[in-house]
Amino acid sequence: MGRIAILGAGFMGSALSIPASDNGHAVALWGTHLDSHIIEALRAGRAHPKLKLPLPVSVTPFAWAELAAALEGADMVILAVTSEGAVPVLERAHGLMRPDIPLLVASKGLVPLDGRVSTLSTAIRTKWAVCTVTIGGPSKAVELARRAPTEVTYASPDAQARQQARRWMETPYYCIHESTDQQGLELCSALKNAYAIAVGLCDGLVAAGRAGALYNLKAALFSHAVEEMKTVGRYVDIHPQTFYGLGGVGDLFVTAVAGRNRTFGEMRGSGLPTTLVVERLRARDELTEGYAAIRWCWRFAQDHAVADHLPLLRAIYRVVYEEADPARELTAACFSR
């Protein structure tokens, strides 16, 4: 068995240590400066503060200053920090990694690159000679940590790296499918975070007493979200099946019905201004990737001249970044087609 270094000790990074450990690998779990309380708890033998579960004994926690020790002898690295922190972390880590090992990327979102918005794998390739495998699909970290049945996609143009990652990580409860459509999976992972907030906005309108049940509207928004994701795909030459599979519809569903993106949308839909929503979620260490994803997805759409064809994404952007009224914007997005 091998040694796997996981960069990021939050929800998903720590959850991925479970299948890695169950397959007999030694796991080094490194925490950023934001994860210091997690590393301290694990070193004291306590349960993971976010997952509320103990991690296997084969998982060794490493603090922020111990990156070199965490990466020493690693046969595979998993990047599981926020998309905002992904490139800065790799700036520190890439010189400490063997160049021939695969880098699995669980980080979601898009990043700025040379004045435009890019997928994370593209940004990584332009800086370093690293083979990346993107992880996507409907995978709630707490469920994975409990070994609940979970089905995901690993995408990379490098078949050897994909296959090694699958062999090392797949278990009876963690089913992995392979794909060559890495950019498509990355875009789905970013877009679904943005679109899931729309469903939360509906729940917020109901909670605020501005509407009764909005199941019809939520179903319509879900359908429009899938169509807009597919529209983005046509403009950047992505395989349609990616959007209708686990990485698209599957991940959008689980993100829309559960998790922090839906919570963000509910808080904003209930009438709280975005600045206050961000402040409250950040104080609870629960600020979702979807907040930044909306901005970067909208920029990506503008960069690729597809923004005019995405009325729902435009509506979400206006609600979150321009304080527009959620009820008016969502209704207009649905009936403007």
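Conventions we followed
- Here the residue numbers are simple positions, counted from 1 along each chain's written sequence.
- Reporting in this predicted model follows two pLDDT cut-offs: at least 70 for local features of residues, and 80 or more for side-chain atom pairs to be given and counted; totals over whole chains, interfaces and linings ignore these cut-offs and use all residues.
- Excluding hydrogens and water, the side-chain figures rest on all heavy atoms present in the structure.
- Exposed residues in this analysis have more than 50% of their type's maximum accessible area, buried residues have under 20%, and partly exposed residues fall in between, with area computed by a 1.4 Å probe over protein chains only.
- Numbered from the N terminus, helices here are DSSP runs of H or I no shorter than four residues, and strands are runs of E no shorter than two.
- It only takes one pair of heavy atoms within 4.5 Å for two residues to be counted as in contact.
- Salt bridges are identified by distance alone: a Lys or Arg side-chain nitrogen within 4 Å of an Asp or Glu carboxyl oxygen.
- Working definition of a nonpolar core: buried Ala, Val, Leu, Ile, Met, Phe, Trp, Tyr and Cys residues. They are joined through side-chain atoms within 4.5 Å.
- Axis geometry follows a simple rule: fit a line to the C-alpha atoms, using only the stretch in contact for helices, then measure angles between N-to-C directions, giving values from 0 to 180 degrees.
- For this classification, under 35 degrees means roughly parallel, over 145 means roughly antiparallel, 65 to 115 means roughly perpendicular, and everything else is oblique.
- Under the scheme applied here, ten amino acids are nonpolar (Ala, Val, Leu, Ile, Met, Phe, Trp, Tyr, Cys and Pro), four are charged (Asp, Glu, Lys and Arg), and all others, including Gly, are polar.

S.K.: An account of helix α15 (residues 311-321) is needed here, citing residue identities and associated values.
M.R.: For α15, the complete set of buried residues consists of P311, L312, L313, A315, I316, V319 and V320. In this structure, the buried side of α15 is in contact with α8 (182-207), α9 (215-235), α12 (260-269), α13 (274-283), α14 (289-303) and α16 (326-335). Count one or two residues on from α15 and you reach E323, which has phi positive near 60°.

S.K.: Lay out the pattern of salt bridges with the relevant residues and their values.
M.R.: In the structure shown here, the tally under the stated rule is 19 salt bridges. Here R147 ties to D22 by a salt bridge, and the two come within 2.7 Å at their closest N and O atoms. Here R147 is found in the loop between α6 (141-145) and β9 (150-155), whereas its partner D22 is found in helix α1 (residues 11-22), with 125 residues between them in sequence. Classification of R147 by relative accessible area gives partly exposed; the value is 38%. Residue classification places D22 among the partly exposed residues on the basis of a relative accessible area of 37%. For the salt bridge of R162 with E178, the shortest nitrogen-to-oxygen distance reads 3.2 Å. Here the residue R162 occupies a position in helix α7 (residues 159-169), and E178 occupies one in strand β10 (residues 174-179), the gap between them amounting to 16 residues. Using a relative accessible area of 29% as the deciding quantity, one classes E178 as partly exposed. Three or more residues joined by partner-sharing salt bridges are found here, namely R162, R166, E170 and E178.

S.K.: Describe the nonpolar core, and please don't skip the residues or the numbers.
M.R.: If you look at the biggest cluster of nonpolar residues, it comprises 49 residues, and the most contacted ones within it are L110, L187, Y195, L221, F264, L312 and I316. If you list the elements that add at least two residues to this core, you get α8, α9, α12, α13, α14, α15 and α16. Counting residues per element, this core draws most heavily on α8, at eleven residues. Among the nonpolar cores identified, the runner-up in size contains 34 residues, and I18, A20, L104 and A145 belong to it.

S.K.: Tell me about the environment of A161, and name the residues and values.
M.R.: In this fold, A161 is placed in helix α7. On the basis of relative accessible area, A161 is assigned to the buried category, the value being 6%. Through-space distance from the C-alpha of A161 to that of K140 is 24 Å; in sequence the pair is 21 residues apart. Ignoring any residue separated from it by four or fewer positions in sequence, one finds A161 in contact with P102, C131 and V133.

S.K.: Run through the packing of α15 against α16, naming residues and quoting values.
M.R.: At their nearest, the axes of α15 and α16 sit 8 Å apart, and the two run at 170° to each other. By the criterion of interaxial angle, the relationship of α15 to α16 is roughly antiparallel. For the pair formed by α15 and α16, the contact residues are P311, L312, A315, R318 and V319 on the first element and P326, E329, L330 and A333 on the second. A breakdown of the residues in the contact of α15 with α16 according to their chemical character gives seven nonpolar, no polar and two charged.

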